[in-house]
Amino acid sequence: MTRGWVASLWHGILASLMALLIIASSGWAVLALWYRLPGPVALRYVAAGIWIAAALACCVGLFVKGWPQRAMLAYGILYLLLGVWWVSIQPASDRDWAPDVAHIVDGMRQDDHRVTLENVRHFQWRTPQDFDEHWDTRHYDLDRIRSVDLLVSYWMGPAIAHTLVSFGFDDGRHVTFSVEIRKERGEAFSTLGGFFKEYEVSIIAADERDIVRLRTNVRGEDVYLYRVKMSKPVMQDLFLAYLDEAHQLQREPRYYNTLTTNCTTLVYDMMRRIVPGLPFDYRLLLSGYLPEYVHSVGALAPHVPFARLKAAGHINARALQADDAEDFSARIREGVPGADAPSYDMNDRDMKD
């Protein structure tokens, strides 16, 4: 009798664990069906309902004598079919894209240092829905690159932010690269949807009066700017890494993932190719804390406490005052530690100290 009681208890514990596994995996399955199943919303409700009913039936079967193995086999087959469907969903490059992500930047090298960028975005924004579209072709001499700045735009609390990297040249021009979701026309961003192949990835190159001003003046996001210490060869390599990544996306579209393939992790992957041994850190996933990570590895203005860097780097007031002025880029950098000196000069001085 004791053995029977122990066997019954063990069966109950095992069945409960299997039921928890079914419930947890069904959460992912239902969301995958909701976000990616084609067709009307009613069809998604029906599919989600059928999956939930089947999963509950399998959970009940786990506790019925003679049925646990059949229940697990049935659920396994169901999940295998879901997996085959999921793998069949592939990214594309020919959708009806939203105007602001209609083009991925394209770069062509004339020689070792001169680069032509096609599809540099320079929109005139009045509201997020009201704007004039402009896509430019611009020419840059990488020998004249002067600085790299990290811009972090907060739109959902202190832990979540969008990361942009801006390259400055000695003629006063700046071009900003941004890894963004490639929304279809009329589509809105969903953090949860970003886990379920909802969007492709794009790399946008843009004028700061477009991409920075959009966030500070039009959307009202809090934006911080930090000068990054970086030697000129590394700046040049990072610039070209963005172009290589953009070429790769044009050849092989890729899905955005809120956690693993986003505006911060892709920049980290590029930097890791240039600077081997760059340590991984949780702040690369919680992108709102990225500046603190960059500061911790010694890549921001030397000998300046992070609190001061953050306070001086908050550019919203300066951006609102500058608005669409020609010297917008210079004015938003006023008072930013290190922004009055080239990144590579700062690096050289710090190495000599």
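Above this text is the structure in question.
What comes next is a walk through the structure.

About the criteria used
- Residues numbered from 1 in each chain as written.
- Predicted model: local features only at pLDDT ≥ 70, side-chain atom pairs only at ≥ 80, totals over all residues.
- Heavy atoms only, no water.
- Helix = DSSP H or I, 4+ residues; strand = E, 2+ residues; numbered from the N terminus.
- Buried < 20%, exposed > 50% of the residue type's maximum accessible area, 1.4 Å probe, protein only.
- Contact = heavy atoms within 4.5 Å.
- Lys, Arg positive; Asp, Glu negative; His and termini not counted.
- Charge placed at Lys NZ, Arg CZ, Asp CG, Glu CD.
- Polar contact = N/O pair within 3.5 Å; in protein donor to acceptor, adjacent residues only side chain to side chain.
- Expected span 1.5 Å × (residues − 1).
- Pairing = 2+ DSSP bridges.
- Patch = residues over 30% accessible without salt bridge, like charges linked within 9 Å, V, L, I, M, F, W, Y side chains within 5 Å.
- Areas by Shrake-Rupley, 256 points an atom, 1.4 Å probe, with all protein chains shown as cover.
- Salt bridge = Lys/Arg side-chain N within 4 Å of Asp/Glu carboxyl O.
- Axes fitted to C-alpha atoms, helices over the stretch in contact; angles between N-to-C directions.
- Parallel < 35°, antiparallel > 145°, perpendicular 65-115°, else oblique.
- Left-handed = near helix turned anticlockwise from the far one by under 90°.
- Nonpolar A, V, L, I, M, F, W, Y, C, P; charged D, E, K, R; others polar.
- Disulfide = S-S within 2.5 Å.

1. A few points about the overall build of the protein
Alright, step 1. Scanning the protein from terminus to terminus reveals 11 helices and 10 strands.
Alright, step 2. Seen through its principal axes, the protein has C-alpha atoms that stretch 85 × 45 × 40 Å.
Alright, step 3. When the 353 residues of the protein are sorted by exposure, 48% land in the buried category.
Alright, step 4. For the protein, the proportion of contacts with a sequence separation of at least 24, taken over those separated by at least 6, is 68%.
Alright, step 5. Of the side-chain charges in the protein, 37 are positive and 43 negative, and the distance between the mean point of each set is 7 Å.

2. As for the side chain of Ser 166
Alright, step 1. Examined against the element boundaries, Ser 166 turns out to sit in strand 7 (residues 161–169).
Alright, step 2. Within the local environment of Ser 166, its side chain forms a polar contact with the side chain of Glu 208, the two groups lying 2.5 Å apart.
Alright, step 3. Those residues within four positions of Ser 166 in sequence are excluded, and the remaining contacts are Ser 147, Val 148, Asp 149, Leu 151, His 174, Val 175, Thr 176, Glu 208 and Arg 333.

3. Digging into helix 5 (residues 232–251)
Alright, step 1. The terminal C-alpha atoms of helix 5, which comprises 20 residues, lie 29 Å apart, in line with the 28 Å expected from a rise of 1.5 Å per residue.
Alright, step 2. All buried positions along helix 5 are accounted for by Val 234, Met 235, Gln 236, Leu 238, Phe 239, Leu 240, Ala 241, Tyr 242, Leu 243, Glu 245, Ala 246 and Leu 249.

4. Comments concerning the environment of Trp 34
Alright, step 1. Looking at the secondary structure, you find Trp 34 in helix 1 (residues 2–36).
Alright, step 2. Separated by 304 residues in the primary sequence, Trp 34 and Gly 338 have C-alpha atoms spaced 48 Å apart.
Alright, step 3. When residues no more than four places from it in sequence are discounted, the contact partners of Trp 34 are Val 41, Arg 44 and Tyr 45.

5. As for the pairing of strand 6 (residues 145–154)
Alright, step 1. Counting buried residues along strand 6, nine of its 10 residues qualify, which places the element largely inside the surrounding structure.
Alright, step 2. Relative to strand 7, strand 6 runs antiparallel, the two sharing nine bridges. Its bridge partner lying in strand 7, Ile 145 is registered against Phe 169.
Alright, step 3. As consecutive antiparallel partners, strand 6 and strand 7 are separated by six residues, and within that stretch Gly 157 has a phi angle of approximately 80°, a positive value.

6. Some details on a nonpolar patch on the surface
Alright, step 1. On the surface, a nonpolar cluster with roughly 640 Å² of combined accessible area is contributed by Leu 192, Phe 195, Leu 259, Phe 280, Tyr 282, Leu 285 and Leu 286.
Alright, step 2. With respect to the helices and strands, the residue Leu 286 is situated in the loop between helix 6 (265–274) and helix 7 (290–296).
Alright, step 3. Judged by relative accessible area, Leu 286 falls into the partly exposed class, the value being 34%.

7. Some points on the pairing of strand 1 (residues 106–109)
Alright, step 1. Note that strand 1 and strand 2 (residues 114–121) share four bridges and pair antiparallel. Looking at strand 2, one finds that Met 108 is bridged to Thr 116.
Alright, step 2. Where strand 1 hands over to strand 2, the hairpin turn is made up of four residues, counted between the paired strands.

8. Some remarks on the packing of helix 5 against helix 6
In a packed pair of helices, the relevant descriptors are the angle between the two axes and the axis-to-axis distance.
Alright, step 1. At a minimum axis separation of 10 Å, helix 5 and helix 6 run at an interaxial angle of 130°. For the element pair helix 5 / helix 6, the angle class is oblique. As helix 5 runs across helix 6, the sense of the crossing is right-handed. Of helix 6, the residues touching helix 5 (which contributes Val 234, Asp 237, Leu 238, Ala 241, Tyr 242 and Glu 245) are Leu 266, Val 267, Met 270, Met 271, Arg 273 and Ile 274.
Alright, step 2. Within the contact of helix 5 with helix 6, the residues separate by chemical class into nine nonpolar, no polar and three charged.

9. A word on the state of the cysteines
Alright, step 1. A complete count under the given rule lists zero disulfides for this structure.
Alright, step 2. Cys 58 takes part in no disulfide bond, and the closest cysteine sulfur to it belongs to Cys 59, at a distance of 7.2 Å.

10. Brief notes about the packing of helix 2 (residues 41–61) against helix 3 (residues 68–88)
Alright, step 1. Helix 3 packs onto helix 2 with a crossing angle of 155° between their chain directions and a minimal axis gap of 8 Å. Comparing their axes, helix 3 and helix 2 come out roughly antiparallel. The interaxial crossing formed by helix 2 with helix 3 has left-handed handedness. Every residue of helix 3 that contacts helix 2 at Trp 51, Ala 54, Ala 55, Cys 58 and Gly 61 is listed here: Pro 68, Ala 71, Ala 74, Tyr 75, Leu 78, Tyr 79 and Leu 82.
Alright, step 2. Of the residues in the contact of helix 2 with helix 3, the class split is 11 nonpolar, one polar and no charged.

Any link to function would need more than the numbers given here.
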